[in-house]
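Chain and residue survey
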Amino acid sequence: MSNVMVITGGSRGIGAACVKLAVQAGFDICFSYVSNKEAADKVSAEASAMGGTAKAVQADVGNEADILHLFAEADKMGVLKSLINNAGIVDQSQRVEDYTVERLNRMYSVNVVGSILCAREAIKRMSTKHGGKGGTIVNLSSAAAYLGSPNQYVDYAASKAAIDTFTKGLSLEVADEGIRVNAVRPGLIDTDIHESGGEIDRVKRLEHMVPMKRGGSAEEVAKGILWLTSDDASYVTGDCMNVTGGR
Ligand code: NAP
């Protein structure tokens, strides 16, 4: 049976970089996208060209039924060994007094509730307590969790701080059930997410604030994530690893 990895938001950015590295590491991938089918199909085709398998599933992690569908599709491929909770969103730069409840509900249902529900589905399959063979979960946090992102998206920063705490608590809950749970906190990474927050040039504008004086690439983050899923990290759990160029 294949070793299956579920990656949420695998069609672009850090998630797409994870798909490619995970294929090289020998996983069969089941990844979600929300709307960009063209990008998802391209990632699947690239995985095939590498001799691997990456199944694209349209599944919004802000929707529980979609999450159940994503994991049901993964079950058809083999035994779940790993979950990368990567899908996450920002919103337009705003001060807190301008937030709407719709903005907050969307942000938290995708970044927090979606990640927790995906972890729930992974634990049911991987925990030795439930007859599973163990596995790994990597949650995508952000340097925003400790920087706070004032005047941009404090709500996003707080959602990522929730991911840090969730990572800690869950890692302790399943530590003796064969599951390692860690988080990666990317810093300023060159992906489309900044454009979706209305700031195409965000990396160029802010890279002088990074001690290494440059933005990072999706591949640099994906390498850290894949290391945490590997046996090389066999004694690492409950950690939040910064991939931030020192920021
Ligand atoms: P990105 O380039 O915007 O890509 C987002 C990916 O997630 C796309 O594949 C997108 O699918 C998918 N997605 C978005 N909403 C989704 C939903 N509701 N359900 C399922 N999939 C969804 O993002 P990124 O920069 O790679 O960020 C990945 C993760 O790293 C996020 O959790 C983000 O918060 C975190 N992070 C990023 C940075 C950075 O500077 N880039 C820094 C810190 C943390 P479609 O293609 O269908 O839209």
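Here goes a summary of the coordinates provided. Computed from a predicted model, the values in this text were never measured in an experiment. (Residues numbered from 1 in each chain as written. Predicted model: local features only at pLDDT ≥ 70, side-chain atom pairs only at ≥ 80, totals over all residues. Heavy atoms only, no water.)

Taking 1.5 Å of rise per residue, 12 residues should cover 16 Å, and helix 9 (residues 218-229) covers 17 Å from first to last C-alpha, within 8% of that figure. Buried within helix 9 are the following residues: A218, V221, A222, G224, I225, L226, L228 and T229. Residues of helix 9 that are buried sit in contact with strand 1 (2-7), helix 1 (13-24), strand 4 (78-85), strand 5 (135-140), strand 6 (179-186) and strand 7 (240-243). (Helix = DSSP H or I, 4+ residues; strand = E, 2+ residues; numbered from the N terminus. Expected span 1.5 Å × (residues − 1). Buried < 20%, exposed > 50% of the residue type's maximum accessible area, 1.4 Å probe, protein only. Contact = heavy atoms within 4.5 Å.)

Within strand 2 (residues 28-33), six of the six residues are buried, which leaves the element mostly enclosed by the surrounding structure. A two-sided burial pattern is seen for strand 2, the buried positions comprising D28, C30 and S32 on one face and I29, F31 and Y33 on the other. Pairing analysis gives four bridges linking strand 1 to strand 2, with the strands arranged parallel. By the bridge assignment, V6 is partnered in strand 2 with C30. Of the crossover connections in this fold, the one passing from strand 1 over helix 1 to the parallel strand 2 is right-handed. With five bridges connecting them, strand 2 and strand 3 (residues 54-58) associate as parallel partners. (Pairing = 2+ DSSP bridges. Right-handed = clockwise from strand over helix to strand, strands pointing away.)

The next thing to look at is the site of the ligand. Taken together, 32 residues lie around the ligand, and S11, R12, N86, Y156 and T191 are the ones closest in. Contact distances for the ligand include 2.7 Å between an oxygen atom and a backbone N or O atom of N86. Here an oxygen atom of the ligand sits 3.2 Å away from a polar atom, N or O, in the main chain of G187. Compared with its free state, where it exposes 910 Å², the ligand has 95% of that area covered by protein. Mapped by element, the contributors of at least two residues to the shell around the ligand are helix 1, strand 2, helix 6 (154-174) and helix 7 (193-196). Each residue belonging to the shell around the ligand can be placed in one class, and the counts come to 14 nonpolar, 14 polar and four charged. (Near = heavy atom within 4 Å. Polar contact = N/O pair within 3.5 Å; in protein donor to acceptor, adjacent residues only side chain to side chain. Areas by Shrake-Rupley, 256 points an atom, 1.4 Å probe, with all protein chains shown as cover. Nonpolar A, V, L, I, M, F, W, Y, C, P; charged D, E, K, R; others polar.)

On to the environment of I67, then. With respect to the helices and strands, I67 occurs in helix 3 (residues 64-75). When neighbours within four sequence positions are excluded, I67 is seen to be in contact with D60, V61, G114, L117, C118 and E121.

This part is about the packing of helix 4 (residues 101-126) against helix 6. Two elements in contact, helix 4 and helix 6, have axes whose closest approach is 10 Å; the angle formed by their N-to-C orientations is 15°. Taken together, the axis directions place helix 4 and helix 6 in an arrangement best described as roughly parallel. Here helix 4 and helix 6 pass one another in a crossing that is right-handed. Within the contact between the two elements, helix 4 uses R103, L104, M107, Y108, N111, V112, S115, I116, A119 and I123 and helix 6 uses D155, Y156, A158, S159, K160, A162, I163, F166, L170 and V174. In terms of residue class, the contact of helix 4 with helix 6 is built from 14 nonpolar, three polar and three charged. (Axes fitted to C-alpha atoms, helices over the stretch in contact; angles between N-to-C directions. Parallel < 35°, antiparallel > 145°, perpendicular 65-115°, else oblique. Left-handed = near helix turned anticlockwise from the far one by under 90°.)

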